[in-house]
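A look at the structure
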Amino acid sequence: MPWGYVEGAGHFHYWLVRPGVELEDWTVILNEGRGPLWEAYPASYSQVLLEVVAGTTTSFYFTDLDDIVDPADRTLFSPNSQILSQ
């Protein structure tokens, strides 16, 4: 089940949903969106997002995050109205 997308990079975030597995036990998986590579994290989506924002993730997809986004800007919140008006 898709739940996130990294604009510009094209990465997709999914939950791996399986019969009989409770929501809190779903695996987070990432796909590069342009190829066959996948990463799986046996963690909650909030933990994965926290690691991305904090810069502590071991994900291949976010290793160059500091080259794309200034670390000081990673924790800034911009409402959709501001983003869409740019």
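Data block above holds the structure.
Quick look at the structure, then. It should be emphasised that the depicted structure is a prediction, and the values quoted were computed from it without experimental measurement.

This part takes up the overall build of the protein chain. Looking only at helices and strands, the protein chain features 3 helices and 4 strands. For the protein chain, the sequential pattern of α-helices and β-strands runs β-β-β-β-α-α-α. Counting over 86 residues, the protein chain shows a buried share of 26%. Once local pairs closer than 6 in sequence are excluded, the contacts in the protein chain between residues at least 24 apart make up 19%. Accessible surface computed for the protein chain: about 6,200 Å², of which carbon and sulfur atoms make up 58%.

What follows covers the side chain of Glu 39. Along the polypeptide, Glu 39 turns up in strand β4 (residues 38-41). A distance of 2.6 Å separates a polar atom in the side chain of Glu 39 from a polar atom in the side chain of Tyr 41. Non-local contacts of Glu 39, meaning those with residues more than four positions away in its chain, are made with Val 28, Ile 29, Leu 30, Ser 59, Phe 60 and Tyr 61.

One pass over the structure, following the stated rule, counts 4 aromatic pairs. Judged by centre distance (6.3 Å) and plane angle (35°), the ring pair of Phe 12 and Tyr 14 falls under tilted. Overall, the relative accessible area of 30% leaves Phe 12 in the partly exposed class. Through a chain of ring-to-ring contacts, three or more aromatic side chains come together here, namely Trp 3, Trp 15 and Trp 26.

Turning our eyes to something else, we now look at the pairing of strand β2 (residues 11-16). What you see with β2 is a clean split: His 11, His 13 and Trp 15 sit on the buried side and Phe 12, Tyr 14 and Leu 16 on the side with no burial. Between the end of strand β1 (residues 2-6) and the start of β2, which pair antiparallel, lie 4 residues, with Gly 8 showing a positive phi angle near 95°. Across 5 bridges, the pairing between β2 and strand β3 (residues 27-31) is antiparallel. In the strand pairing of β3, Phe 12 is matched with Asn 31.

The rules behind these values
- Residues numbered from 1 in each chain as written.
- Predicted model: local features only at pLDDT ≥ 70, side-chain atom pairs only at ≥ 80, totals over all residues.
- Heavy atoms only, no water.
- Helix = DSSP H or I, 4+ residues; strand = E, 2+ residues; numbered from the N terminus.
- Buried < 20%, exposed > 50% of the residue type's maximum accessible area, 1.4 Å probe, protein only.
- Contact = heavy atoms within 4.5 Å.
- Areas by Shrake-Rupley, 256 points an atom, 1.4 Å probe, with all protein chains shown as cover.
- Polar contact = N/O pair within 3.5 Å; in protein donor to acceptor, adjacent residues only side chain to side chain.
- Phe/Tyr/Trp six-rings, centres within 6.5 Å; stacked < 30°, edge-to-face > 60°.
- Pairing = 2+ DSSP bridges.

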